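# Tertiary structure, described
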Amino acid sequence: MKLFLTSRLLSAAGIAHGFSLRWGGVSSGPFSSLNLSASVGDDEAAVRENHELLREAAGLTGRLAADGAVGVRVADCVPILVHAGAAAAAVHAGWRGTRLQIAGRAIRALQHAAGADPARMLAAIGPCIGRCCYEVSQDLAATFRALFGPEAADDPAVNPKPHLDLRYCVEQSLLHAGVPRERIEQVEGCTSCDSGAFFSHRRDKGRTGRHLAFIEVRDL
Ligand SMILES: [Zn+2]
């Protein structure tokens, strides 16, 4: 059983990374079963064991979410993994972070802190709540259309219950920061549609587990 999804681009570059799925772990109830957060009400021993299972599956024994790898926990928000030579970043973007262009800011931070060229970075955008399921207020839809263009959300003047496309906005943010389109990959999956594969904060009314998106940092 595969415990996580991967990006073709990052795999081809030989970078250990993944977007964890919800199956294959030992947690039960709303956290069933590969919950990777100890702060959502799950049993702590189960969460520790889940981390161990994921480490083994990823070949990162002793290195996950510690020295050598970085990660973010999500359940609907957009996880973004960026490889930048000797540096790497794992970014978490909900609608607030997306509005603030958090993905683009991470690119600029890697550029300044690690001297990495955005044109040579690789970015993978992971499973998150899709446009299919993400209804937002008319005000929010209008704000995102103003920031990211008409494809970012439905026009509230036409559709009174507009849907927002966070993936699209995050990709626009990465492009704007200088990452070439061919070096950005959308790893498919709507966390709200697929209850077998994913936890979803919105679908599960807040009582659910968390996924971990992780990427190794090369020590050169
Ligand atoms: Zn969906």
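Let us look at the structure shown here. No experiment lies behind these values; they were computed from the predicted model shown.

In terms of regular secondary structure, the protein chain is built from six helices and eight strands. Helices and strands in the protein chain line up, N terminus first, as β-α-β-α-β-β-β-α-α-β-α-α-β-β. Scaling as 2.2 N^0.38, a compact globule of 220 residues should have a C-alpha radius of gyration of about 17 Å, and the protein chain matches this with 17 Å. Viewed in the frame of its principal axes, the protein chain has a C-alpha envelope of about 50 × 45 × 25 Å.

Burial analysis of strand β4 (residues 78-84) places seven of its seven residues in the buried class, which makes it a mostly covered element. Residue alternation in β4 divides its side chains into two sets, Val78, Ile80, Val82 and Ala84 and Pro79, Leu81 and His83, and both sets are buried. Examined bridge by bridge, β4 and strand β5 (residues 87-93) share seven bridges and lie antiparallel to one another. For Pro79, the partnering residue across the bridge sits in β5 and is His92. Connecting the antiparallel pair β4 and β5 is a turn made up of two residues, with Gly85 showing a positive phi of about 65 degrees.

On the basis of which strands lie adjacent, the open sheet formed by four strands has the order β5-β4-β6-β7 and mixed pairing. The open sheet has two free edges, formed respectively by β5 and β7 (184-186), since each of these has just one partner strand. Here the strands of the sheet are splayed against their neighbours by 15 degrees on average, with no regard to which way each runs.

Below, the discussion takes up the coordination of the zinc ion. Angles between donor atoms at a metal ideally measure 109.5 degrees for a four-coordinate tetrahedral arrangement and either 90 or 180 degrees for a six-coordinate octahedral one. Ligation of the zinc ion by protein atoms is provided by Cys132 (SG), Cys133 (SG), Cys190 (SG) and Cys193 (SG), these donors lying 2.2 to 2.3 Å from the ion. Note on Cys190: relative accessible area 11%, which makes it buried.

It is worth spelling out the sheet that holds strand β1 (residues 4-5) at this point. Taking strand neighbours across the sheet as the criterion, the four strands line up as β1-β2-β8-β3 in an open arrangement whose pairing is antiparallel. In this open sheet, the two edge strands, each paired with only one partner strand, are β1 and β3 (69-74). With three bridges connecting them, strand β2 (residues 17-20) and strand β8 (residues 211-216) associate as antiparallel partners. Bridging from a neighbouring strand, Phe19 pairs with Ala213 of β8.

Before going further, it helps to examine the nonpolar core. With 35 residues, the main nonpolar core has Val78, Ile80, Val82, Leu164, Val170 and Leu174 as its most contacted residues. Elements with a contribution of two residues or more to this core: β4, β5, α4 (102-114), β6 (122-125), α5 (138-148) and α6 (166-176). In contact with Leu164, other than residues within four places in its own chain, are Trp95, Gly130, Arg131, Tyr134, Val136, Phe144, Ala152, Ala153 and Cys169. The next biggest cluster of nonpolar side chains, apart from the first, holds 12 residues, and it includes Leu10, Leu81, Ala124 and Ala213.

Of the residues making up α5, those classed as buried are Leu140, Ala141, Phe144 and Phe148. Angularly, the buried residues of α5 cover 100 degrees about the axis, an arc narrow enough to put them on a single face. α5 presents Asp139 and Ala146 as exposed residues on the side facing more than 90 degrees away from its buried surface. Packed against the buried residues of α5 are α3 (95-99) and α6. Count one or two residues on from α5 and you reach Gly149, which has phi positive near 100 degrees.

Cut-off values and rules
- Residues numbered from 1 in each chain as written.
- Predicted model: local features only at pLDDT ≥ 70, side-chain atom pairs only at ≥ 80, totals over all residues.
- Heavy atoms only, no water.
- Helix = DSSP H or I, 4+ residues; strand = E, 2+ residues; numbered from the N terminus.
- Rg over C-alpha atoms; globule rule 2.2 N^0.38 Å.
- Buried < 20%, exposed > 50% of the residue type's maximum accessible area, 1.4 Å probe, protein only.
- Pairing = 2+ DSSP bridges.
- Axes fitted to C-alpha atoms, helices over the stretch in contact; angles between N-to-C directions.
- Donors = N, O, S within 2.8 Å, 3.2 Å for Na, K, Ca; no water.
- Core = buried A, V, L, I, M, F, W, Y, C linked by side-chain atoms within 4.5 Å.
- Contact = heavy atoms within 4.5 Å.
- Arc of directions from axis to C-beta.

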